[in-house]
Amino acid sequence: IGVREALSRLEHHAGPVLYAEPIYVVHAFDTIPNDALYNTLYGMDQIRAPQAWDEHQGDQEFVIAVIDTGIDYNHPDLVDNIWTNPGEIAGNGQDDDGNGYVDDVHGYDFYSYEPDPMDSNGHGTHCGGTIGGVGDNGVGVAGVNWRCRLVGAQFLSSGGSGSTQGAIDAVQYCVANCFKVSNNSWGGGGYTQGLFDAIENAGDLCGHVFVAAAGNGGYNGASYPAAYTCSNILSVAATDSNEQLASFSQYSATEVDLGAPGVDVNSTTPGNNYSYYSGTSMATPHVAGGVGLVYSVMGNSSAEEIIEIITSTVRPISALQGITVTGGVLN
């Protein structure tokens with residue numbers, strides 16, 4: 001019989017029943033993964049990731065694009081979370097899935113315009129580990145999403161530079177495949193209508209959230225693309241382990257939405273390595289990971305609805321009051 005009926009019968013039982021109550025299912029609070037380097041990831045505690053992991057650790061089929069220097073898709077701490085295009089046959093020189101890109105098995109390189117986004121710099125792989133390093137696998141780090149799909153949309157060279165045309169093409173690649181989140185730990189140059197339109201169209205066409213680094217110049221104001229006014233952009237400043245604004249981080253009460261840990265962040269680098277990097281580049285993947293975690297639960301929400309969830313639930317800190325839109329860090 002059901003629990004309610006059992007309780008009712010026992011409550012009215014003529015025998016010596018002191019009380020009747022349900023047996024509840026309970027869970028450990030603050031789910032901590034067993035990854036060997038997890039204790040170096042102070043940022044996960046600052047963004048309250050363990051509390052989120054009590055409820056959800058990610059969706060293995062939710063795709064997050066790393067628009068950067070590429071990604072080491074063979075890294076042992078990433079390989080199980082790397083996107084593999086289900087409609088593409090590797091190396092046959094054909095666009096098997098008809099998305100306009102030949103042999104894009106794990107993404108595409110819009111710097112060299114060829115289908116291999118392997119990272120020879122390290123920057124993109126580092127971002128990828130914070131977003132979606134495989135969690136609770138006993139080794140390395142854990143990303144904000146223990147489970148997801150990471151795709152390399154490369155447009156930066158091994159030296160770390162690229163063109164706005166490459167960036168536009170990378171964003172359009174996200175639209176062609178309906179990837180709903182991208183991490184953009186890069187910036188500079190002047191305003192371009194083409195990049196603005198590409199980002200805005202991505203939001204309109206597939207609900208894409210474009211998470212962008214505010215910049216490392218240490219001054220008031222965000223760099224492009226974080227400074228664009230597209231409604232589907234989240235602009236991110238960097239904080240340190242003491243929850244102070246990083247000395248290098250750009251900030252703005254109107255152009256920078258929120259902060260996230262970005263100083264001495266440990267994450268994956270090419271060749272089965274791990275390294276500490278600092279920058280708004282490192283803060284941004286914490287937020288992109290958070291967006292992915294929320295979006296994979298919320299399903300068919302719009303980009304603006306997901307951004308509203310992120311910005312309305314920040315954890316206020318004094319260091320960001322008055323110098324960012326929300327005055328808080330990712331929560």
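Residues numbered from 1 in each chain as written. Predicted model: local features only at pLDDT ≥ 70, side-chain atom pairs only at ≥ 80, totals over all residues. Heavy atoms only, no water.

## A closer look at the overall build of the protein
Phase 1: Check the secondary structure of the protein and you find eight helices and 11 strands.
Phase 2: Rg of the C-alpha trace for the protein: 22 Å, near the compact-globule value of 20 Å for 331 residues, within the 12% margin.
Phase 3: Counting only C-alpha atoms, the protein reaches 80 × 50 × 40 Å along its principal axes.
Phase 4: Looking at the protein as a whole, 54% of its 331 residues qualify as buried. (Helix = DSSP H or I, 4+ residues; strand = E, 2+ residues; numbered from the N terminus. Rg over C-alpha atoms; globule rule 2.2 N^0.38 Å. Buried < 20%, exposed > 50% of the residue type's maximum accessible area, 1.4 Å probe, protein only.)

## Observations regarding the layout of surface pockets
Phase 1: In this model, the largest pocket occupies a volume close to 310 Å³.
Phase 2: Forming the boundary of the largest pocket are 18 residues, of which A52, G290, L293, V294 and N331 lie nearest the centre.
Phase 3: If you list the elements that add at least two residues to the lining of the largest pocket, you get α3 (49-53), α7 (280-298) and α8 (303-312).
Phase 4: At five residues, the largest contribution of residues to the lining of the largest pocket is made by α7.
Phase 5: When grouped by side-chain class, the residues that make up the lining of the largest pocket number 12 nonpolar, four polar and two charged. (1 Å grid on protein atoms, 1.4 Å probe; cavity = no way out; pocket = protein on both sides within 12 Å on 5 of 7 lines; lining within 4 Å. Points joined across faces, edges and corners; volume = space filled by probe spheres on them. Nonpolar A, V, L, I, M, F, W, Y, C, P; charged D, E, K, R; others polar.)

## Things to note about the pairing of strand β9 (residues 273-277)
Phase 1: Pairing of strand β8 (residues 265-269) with β9, which is carried by five bridges, proceeds in the antiparallel orientation. Within β9, the position partnered with S267 by the bridge is S275.
Phase 2: Between β8 and the antiparallel strand that follows it, β9, lie three residues; G271 among them carries a positive phi value of about 80°. (Pairing = 2+ DSSP bridges.)

## Regarding empty space enclosed by the protein
Phase 1: Within the structure shown, the criterion is met by one cavity of 30 Å³ or more.
Phase 2: Here the largest cavity is characterised by a volume of approximately 80 Å³.
Phase 3: Elements with a minimum of two residues in the lining of the largest cavity: α2 (42-46), α4 (123-132) and β8.
Phase 4: Among the residues making up the lining of the largest cavity, the classes are represented as six nonpolar, seven polar and one charged.

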